[in-house]
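# Chain and residue survey
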Amino acid sequence: MQCRFCKTELNHIFIDLVNSPASNSFLTKEQLKEPETFYPLKIYTCHKCFLVQADEYKKADAIFNSDYVYFSSYSTSWLKHAKAYTDKMTERFGLNKASKIIEIASNDGYLLQYFHEKNIPVLGIEPTANTAEVAVKKGIETIVDFFGVRLAKELTSKNIFADLLLGNNVLAHVPDILDFVGGMKIVLAPAGVITMEFPHLMQLVDNNQFDTIYHEHFSYLSFGTAQKIFSSQGLELFDVEEIPTHGGSLRIYAKHTEDNSKTISGNVAALLKKETEKGLNGPNYYNGFQAKALKIKLDLTDFLINCKRNNKKVAAYGAAAKGNTLLNYCGIKNDLIDYVADANPYKQNKWLPASHIPVVNEDHLKNDKPDYIIILPWNLKDEITAQLSYIKEWHGGFVIPIPALQIIK
């Protein structure tokens, strides 16, 4: 296997999370009777460019299809984040009715709806037809397709260019990252701005976020590596923000290298210095991650076995992809966790892959009154603990698995 950026042969394993089904593939009742396909979940570190990456064991078009069940609008905190972003970008870059906003991986229109409300022209690009359909109903023009050089050329042939080109949590999801960034170079207006948000590799390592590794994430990015990738395609990063979403993410700002209208923020040099001091540009930083994941596996399974022995009922909340990585790596099945509640009706009445834990609505949890609720999307723990605060009525407790097992009674 070669590095998808610098083409160096990959020999250094960052972590092996054992074979598992795709983390976003929920099962119907009929599919429970069928054999499941398991894929390797082995992640490598390139010791030349330090891009952490997975091989494309499951093709992107098999992951992001019409069965895709992640609809962004079911997270209230994510909608709040999206609204704040649109306000900030509109003010900072003077966006107006003459501007063109293009979002890559626009999902159900969760973000573009706020630009649309400001009467700023928008275009969504989304490969999953079912989420795109919801966006269209909101009045968001949406192209159902994967983004890359091919689509970028099609858009520019129709004189469509982006004044603001954005993508949240998509840069890590593309198997051919050079084609993706190369497409952005093509469709970006001469004085346009790109913003991309993605989980920061430094946070993943420092906070033991191994469950954010799954088959639909092909790359795990530091700021320094992202800078090299964008530079290779004629784009320059001129600003960066560290933001709290998804356990610690980066929002990067890019422009054409030849665009001299924007100054380079001091944030760029500051974050590169921080990553260098942390050791992200050397191989030793990436050692020992497997052992940290194993400790969580042992602690969580010990807790669940003890609950079972003491006749304590355990449920989970949030049928997130990261939860499937955690459960399948730990070997946890429906004999230790009874069910997972989720607000998304597209996930309800289905079963998690491999573990076969049923997904139910929140009313089921209220009626069942479990002793413990494991919060699988731990990055939303504040939102979820507030939403489920009523469990104190029956002295229930929350369990947060990452970065270390925490029990809140």
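Now for a look at the structure at hand. (Residues numbered from 1 in each chain as written. Predicted model: local features only at pLDDT ≥ 70, side-chain atom pairs only at ≥ 80, totals over all residues. Heavy atoms only, no water.)

Counting its regular elements, the protein contains 13 helices and 17 strands. Here the C-alpha atoms of the protein give a radius of gyration of 21 Å, agreeing with the 22 Å that 2.2 N^0.38 yields for 409 residues. The principal-axis extent of the C-alpha atoms belonging to the protein is close to 65 × 50 × 40 Å. Taken over 409 residues, the protein has a buried fraction of 56%. Contacts in the protein between residues at least 24 apart in sequence constitute 72% of all its contacts with a sequence separation of at least 6. (Helix = DSSP H or I, 4+ residues; strand = E, 2+ residues; numbered from the N terminus. Rg over C-alpha atoms; globule rule 2.2 N^0.38 Å. Buried < 20%, exposed > 50% of the residue type's maximum accessible area, 1.4 Å probe, protein only. Contact = heavy atoms within 4.5 Å.)

Turning our attention to the packing of helix α6 (residues 177-187) against helix α8 (residues 223-232). The relative placement of two packed helices is expressed as an angle between their axes plus a distance between the axes. Running from N to C, α6 and α8 point in directions that differ by 60°, and their axes come no closer than 9 Å. One way to sum up the angle between α6 and α8 is to call them oblique. Judged by the twist between their axes, the crossing of α6 over α8 is right-handed. Along its contact with α6, which presents I177, L178, V181 and M184, the element α8 presents I229, F230 and S232. Classifying every residue of the contact of α6 with α8 gives 6 nonpolar, 1 polar and no charged. (Axes fitted to C-alpha atoms, helices over the stretch in contact; angles between N-to-C directions. Parallel < 35°, antiparallel > 145°, perpendicular 65-115°, else oblique. Left-handed = near helix turned anticlockwise from the far one by under 90°. Nonpolar A, V, L, I, M, F, W, Y, C, P; charged D, E, K, R; others polar.)

Below, the discussion takes up the sheet that holds strand β3 (residues 52-54). Overall, antiparallel pairing links the 4 strands, which are arranged β1-β2-β3-β9 in an open sheet. Both edges of this open sheet fall to β1 (12-16) and β9 (219-220), since each of them pairs with a single strand only. Relative to β9, β3 runs antiparallel, the two being bridged by 2 bridges. Bridge pairing links V52 to Y220 in β9. (Pairing = 2+ DSSP bridges.)

Below, the discussion takes up the side chain of T86. Relative to the elements of secondary structure, T86 occurs in helix α2 (residues 76-93). Among the polar contacts listed, one links the side chain of T86 to the backbone oxygen of K83, at a separation of 2.7 Å. Other than its neighbours up to four places away in sequence, T86 contacts L111, Y114, F115 and K118. (Polar contact = N/O pair within 3.5 Å; in protein donor to acceptor, adjacent residues only side chain to side chain.)

It is worth spelling out the packing of helix α10 (residues 289-309) against helix α11 (residues 321-330) at this point. As a packed pair, α10 and α11 sit with axes 9 Å apart at the nearest point and diverge in direction by 80°. Our classification of the angle between α10 and α11 gives roughly perpendicular. Residues Q290, A293, L294, I296, K297, L300 and T301 of α10 form the contact with α11, whose own contacting residues are L326, Y329 and C330. Within the contact of α10 with α11, the residues separate by chemical class into 7 nonpolar, 2 polar and 1 charged.

Before going further, it helps to spend a moment on unusual backbone geometry. With omega at 5°, the peptide bond leading from I402 into P403 counts as cis. The topology assignment puts P403 in the loop between β16 (397-400) and β17 (406-408). Of note in the backbone geometry, N107 takes a positive phi value of approximately 50° without being a glycine. As for its placement among the helices and strands, N107 is situated in the loop between β4 (101-104) and α3 (112-117). The backbone of N349 shows a phi angle near 65°, a positive value even though the residue is not glycine. Its place among the elements puts N349 in the loop between β13 (340-341) and β14 (359-360). You can call N349 exposed: its relative accessible area is 65%.

With mixed pairing, 6 strands are arranged side by side in an open sheet as β14-β13-β12-β15-β16-β17. Edge positions in the open sheet fall to β14 and β17, since each of these has one partner strand only. The pairing of β13 with β14 spans 2 bridges and is parallel. Of the residues in β14, the one forming a bridge with A341 is V360. Here α10 sits on the sheet in contact with β12 (314-317), β15 (372-375), β16 and β17, set at roughly 160° to β15.

With the rule as written, the count across this model stands at 12 aromatic pairs. Each ring, one from F14 and one from Y286, has its centre 6.2 Å from the other, and the planes form 75°; the classification is edge-to-face. In this pair, F14 is assigned in strand β1 and Y286 in the loop between α9 (266-278) and α10, connecting sequence segments 272 residues apart. Among the residues examined, Y286 registers a relative accessible area of 3% and is labelled buried. Put simply, the rings of F14, F50, Y285, Y286 and F289 pair up and form one aromatic cluster. The ring of Y253 carries the charged tip of R92 above its face, separated from the ring centre by 4.6 Å. One cation-aromatic arrangement involves K322 over W378; the distance from NZ or CZ to the ring centre is 5.5 Å. (Phe/Tyr/Trp six-rings, centres within 6.5 Å; stacked < 30°, edge-to-face > 60°. Lys NZ or Arg CZ within 6 Å of the ring centre and 35° of its normal.)

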